[in-house]
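Tertiary structure, described
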Amino acid sequence: MRIFNLLLFIFGLSLLSGCTNKPSIEFSDQTNEKILQSSGNTQKLIEFYKKQLTKQERSDTRLKLVSTYESTGDFSSALFYLKPILNQKQDLEVKVELLAGRAYLNLHQFSQAEIFLSDANKRKPADAEVMNLLGVLSCYQGKLSQAQIWFSKARASMGNDQTIKNNLALVFLLQGDYITARRLLESLVVNDELDNKKVTANLAVVYAKQGDKQAFSQLTKSLSKEQSNALYMQLSELRLVNLQSLSVGSNMAPIEN
């Protein structure tokens, strides 16, 4: 009986040993990509795309790399890895021109941004994302009326409502139309909650300019009373100018692209 039990014990150990010595499961590249995308680990995703490109040059993989860089705010690197496609002697796809336009815009190279975004708009006139970026570009160029037209067209083409309303509100804010700016911004607040820092920044300016201390205090309730009062005074005295004069050496946070 003891021998039988001993044999069972040894057999169990061999099974366990077999389980532990199993080779690790290897996923396909497509599965690995999906895992990294869902995890939100952009740095690992960038490394993954770079590794794929060292194995084989593919334009779709390169565009994914560029898009990932843009999502992290590294537009300089995005443009660097996009250049090989831009330098090809052939017509560019709209998605390529969109990536290039956004990168140049965020690097404040406005003439280059205008070339790519204008061409993308000609090829795909109903693209809301392209029209929103053209609106942002017009803001930076000081063309507020033109920016308003672009943002309105982007909204009519079913673009991202939060992004476009915020940008439209900024135009009205710069034009001194605080009532319209407030209406647009407050429509983005759901159940008295707001997690968009850009919208919050614009709304804070509107409340301060209108002298609505109660609304301002509610919006900045996470701050101490002293901090809120100091910020209120600063914003109420803030001189609003066209983004053109802020474009060099300044990241204008309240605008979305």
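The coordinates are above.
So, here's what we can say about the structure. (Residues numbered from 1 in each chain as written. Predicted model: local features only at pLDDT ≥ 70, side-chain atom pairs only at ≥ 80, totals over all residues. Heavy atoms only, no water.)

1. A closer look at the pattern of salt bridges
Let me state the cut-off plainly: One speaks of a salt bridge when a side-chain nitrogen belonging to Lys or Arg is within 4 Å of a carboxyl oxygen belonging to Asp or Glu. Whether a residue is buried, partly exposed or exposed follows from its accessible area with a 1.4 Å probe, protein chains only, as a fraction of its type maximum: under 20%, in between, or over 50%, in that order. Segments assigned H or I by DSSP are reported as helices when at least four residues long, segments assigned E as strands when at least two residues long, and all are numbered from the N terminus.
Inspection of the entire model under this criterion finds 13 salt bridges. As a salt-bridge pair, Asp60 and Arg58 come within 2.9 Å of each other at their nearest N and O atoms. Judged by its relative accessible area of 40%, Arg58 falls in the partly exposed class. One salt bridge in this structure joins Glu129 and Arg102, with 2.2 Å as the shortest N-O distance. Here Arg102 lies in helix H6 (residues 94-106) and Glu129 lies in helix H8 (residues 128-140), a separation of 27 residues in the sequence. Accessibility expressed as a relative area gives 40% for Glu129, which makes it partly exposed. Judged by relative accessible area, Arg102 falls into the buried class, the value being 12%. One continuous salt-bridge network, built from bridges that share partners, spans Asp91, Glu97, Asp119 and Arg123.

2. A closer look at the environment of Val96
Definition in use: Pairs of residues are marked as contacts when any of their non-hydrogen atoms sit within 4.5 Å.
Inspection of the secondary structure assignment puts Val96 in helix H6. The exposure class of Val96 is buried, given its relative accessible area of 3%. Considered as a pair, Val96 and Phe116 are 20 residues apart in the sequence and their alpha carbons are 8.8 Å apart. Ignoring sequence-local partners within four residues, the contact set of Val96 consists of Leu63, Leu82, Ile85 and Leu86.

3. Some words on the packing of aromatic side chains
To be explicit about the condition: The aromatic pairing rule takes the rings of Phe, Tyr and Trp, using the six-membered ring of Trp, and pairs them if the centres are within 6.5 Å, calling planes under 30 degrees apart stacked, those over 60 edge-to-face and the rest tilted. Charge-over-ring placement is defined geometrically: NZ (Lys) or CZ (Arg) within 6 Å of the ring centre, and within 35 degrees of the ring normal.
Per the counting criterion, the structure on display carries six aromatic pairs. Arranged with centres 5.3 Å apart and planes meeting at 20°, the rings of Phe110 and Tyr140 form a pair that is stacked. Separated by 30 residues along the polypeptide, Phe110 in helix H7 (residues 110-123) and Tyr140 in helix H8 bring together distant segments of the chain. The pair Phe110 / Tyr140 is uniform in exposure class, with both members buried. One Lys or Arg, Lys153, reaches over the ring of Trp150 and ends 5.2 Å from the middle of that ring. Directly above the ring of Tyr232 sits Lys213, whose terminal nitrogen or CZ lies 5.1 Å from the centroid.

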